[in-house]
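# Structure assessment
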Amino acid sequence: MKTLPYTESHLAFRSRLRQFLKSEVTPHVDQWEKDHMIPREIWRKMGRAGFLCTSVPEEYGGLGLDFLYSVIVNQEMARTNHAGLMAYLHSDIVVPYILSYGLEVQKKKYLPGCINGDIVTAVAMTEPDSGSDLASMSTSAEEIDGQVVINGNKTFISNGFHCDLVILAAKDPLVKSPHKAVSLYIVEDGTPGFKKGNLIEKMGMRSQDTAELFFNDCRIPKDNLLGQKGAGFVQLMKKLQQERLLVAILAVSMARNMLDWTVEYCRHALQNQEPMTKSQATRFALVEMETELKVGTAFLNDLVMAHMENEDVTAETSMAKYWCSEKANEVANRCLELVGRKSASEDCPIVRMWRDVRIHTIFAGTNEIMKNIIAKSMKL
Ligand SMILES: Cc1cc2nc3c(=O)[nH]c(=O)nc-3n(C[C@H](O)[C@H](O)[C@H](O)COP(=O)(O)OP(=O)(O)OC[C@H]3O[C@@H](n4cnc5c(N)ncnc54)[C@H](O)[C@@H]3O)c2cc1C
């Protein structure tokens, strides 16, 4: 079967990253999950080792590498069996906003820190009363006396505790059309009026610092506008494509780990004095899941190539996000079922992935929203 066109450099990068994660991340994830937090220092370690923001061009201190390196980071992070260190969110979702829409001065100011891990980033769209329907957001950004004054609350913001910089979506209250009112702003941690709330206790992704953010007469310079005023909606829609593709890749990578572990388990676990894999019911379940993961991977590989060639694959990316996240959840449920009572224990390595993958059908745009996008492309 065709795989992605990895070169020797890609493979060397993967092996270096795997080694790094094996020594710096995997031994600590159980503790991080208990702490409901990753240490800030791990971001710096990742950055200094060259594993953050790999696509940022050399002129800003980056490596200028292609998207396949981002795919590799995502796949290797999935192998660590935790979702706290959301490297892909920082490197391949938030930082690209600065890279694509930032002024030269903004890029020079922030990108080197994003690359070496001194700056951790977050993107803040969701509000207590506004999720899928971004147009209904109420956080306001008003120009007063040459500054922008922000008021409102954001919630469920990943990297919300550690973030040093937030890409914030907010509305100009004077603009009537919601789609033309939204702009993106860079807000630095420590700006008066910007406060981080408590961590949100979640069902899964327990070591990920997901938090509320509060803006109370928070004044930022007008120059912190990111891109064109009023273009925020379009900017978000464009950047959500790569986010959805990465969520699909992560879902399939997690499902792959769960299935591989379960296959090994079933080879050795006995049922009626025989390995479970001798049972036709078990074999068929494993075969069906293997087939689905191969189908999903083939689709994703195609999509990655199209994405790298800048093709418009909006509908296909939505298909991948919804289908892969649903399949990953099915795999998670079926694997847990096969393992039986042992899967009820935290000692079972797939339990955490079962919990963590659940949210994949919801974030980055719910699967229902994905289906609406696909329906539109089919002119339904
Ligand atoms: C762990 C985690 C991390 C997150 N990280 C971030 C982050 O970093 N930044 C950020 O801004 N947000 C983040 N979010 C928020 C996430 O993006 C939202 O949860 C998501 O957009 C869905 O919004 P909602 O939860 O408000 O659901 P709602 O929009 O309230 O939807 C509720 C239900 O209604 C359905 N629905 C809504 N509209 C339609 C429609 N038009 N047609 C059909 N069905 C519809 C949905 O599919 C869903 O089933 C995160 C969420 C979680 C759980």
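Data block above holds the structure.
Residues numbered from 1 in each chain as written. Predicted model: local features only at pLDDT ≥ 70, side-chain atom pairs only at ≥ 80, totals over all residues. Heavy atoms only, no water.

## Details of a negative patch on the surface
Put simply, the test is: Two joining distances apply to patches: 9 Å for like charges and 5 Å for nonpolar side chains (Val, Leu, Ile, Met, Phe, Trp, Tyr), and every residue must have over 30% relative accessible area and no salt bridge. Note on areas: Shrake-Rupley with a 1.4 Å probe; residue coverage comes only from the protein chains shown. One side-chain nitrogen of Lys or Arg within 4 Å of one carboxyl oxygen of Asp or Glu is enough to make a salt bridge. Neither His nor the chain ends contribute to the count of charged residues, in which Lys and Arg are positive and Asp and Glu negative. The atoms used to mark charge sites are NZ of Lys, CZ of Arg, CG of Asp and CD of Glu. Numbered from the N terminus, helices here are DSSP runs of H or I no shorter than four residues, and strands are runs of E no shorter than two. Relative accessibility decides the category of a residue: with a 1.4 Å probe and only protein chains considered, values under 20% of the type maximum give buried, values over 50% give exposed, and everything between is partly exposed.
Taken together, the side chains of Asp302, Glu309, Glu311, Asp312 and Glu316 present a region of like negative charge at the surface. Here Glu316 shows up in helix 10 (residues 314-339). Given a relative accessible area of 31%, Glu316 falls into the partly exposed group.

## Section: the layout of surface pockets
Empty space left among the atoms is revealed by rolling a probe the size of a water molecule over them. Counted only if it meets this: With a 1 Å grid laid over protein atoms only, a set of points is called a cavity when a 1.4 Å probe fits there but cannot get out and a pocket when it is open yet has protein on both sides within 12 Å along at least five of seven lines; lining residues have an atom within 4 Å of a point. Grid points are joined across faces, edges and corners, and a volume is the space filled by probe spheres set on the points. When residues are grouped by polarity, Ala, Val, Leu, Ile, Met, Phe, Trp, Tyr, Cys and Pro land in nonpolar, Asp, Glu, Lys and Arg in charged, and all others, Gly among them, in polar.
Of the voids in this model, the largest pocket is the one considered here, and its volume is about 1,200 Å³. Lining the largest pocket are 42 residues, and of these Thr126, Ile362, Phe363, Ala364 and Gly365 lie nearest its centre. Within the residue set of the lining of the largest pocket, elements represented by two or more residues are helix 5 (87-101), strand 1 (121-124), strand 3 (147-157), helix 8 (232-268), helix 11 (350-357) and helix 12 (367-377). Examining the composition of the lining of the largest pocket, we find that 8 residues originate from one element, helix 8, more than from any other. Of the residues contributing to the lining of the largest pocket, the split by class is 22 nonpolar, 11 polar and 9 charged.

## Section: the nonpolar core
Applied cut-off: We call a set of buried residues a nonpolar core when its members are Ala, Val, Leu, Ile, Met, Phe, Trp, Tyr or Cys and they connect through side-chain atoms within 4.5 Å of each other. Any two residues whose heavy atoms approach within 4.5 Å are treated as being in contact.
Within the largest apolar cluster, 99 residues are counted, with the highest numbers of intra-cluster contacts made by Met46 and Ile167. Sort the elements by how many residues they give to this core and helix 8 lands first, with 17 residues. Not counting residues within four places of it along the chain, the set of residues in contact with Met46 comprises Phe20, Leu21, Phe51, Leu52, Met77, Leu85 and Ala87. Of all hydrophobic cores here, the second largest spans 18 residues; its members include Leu168, Phe194, Phe215 and Ile220.

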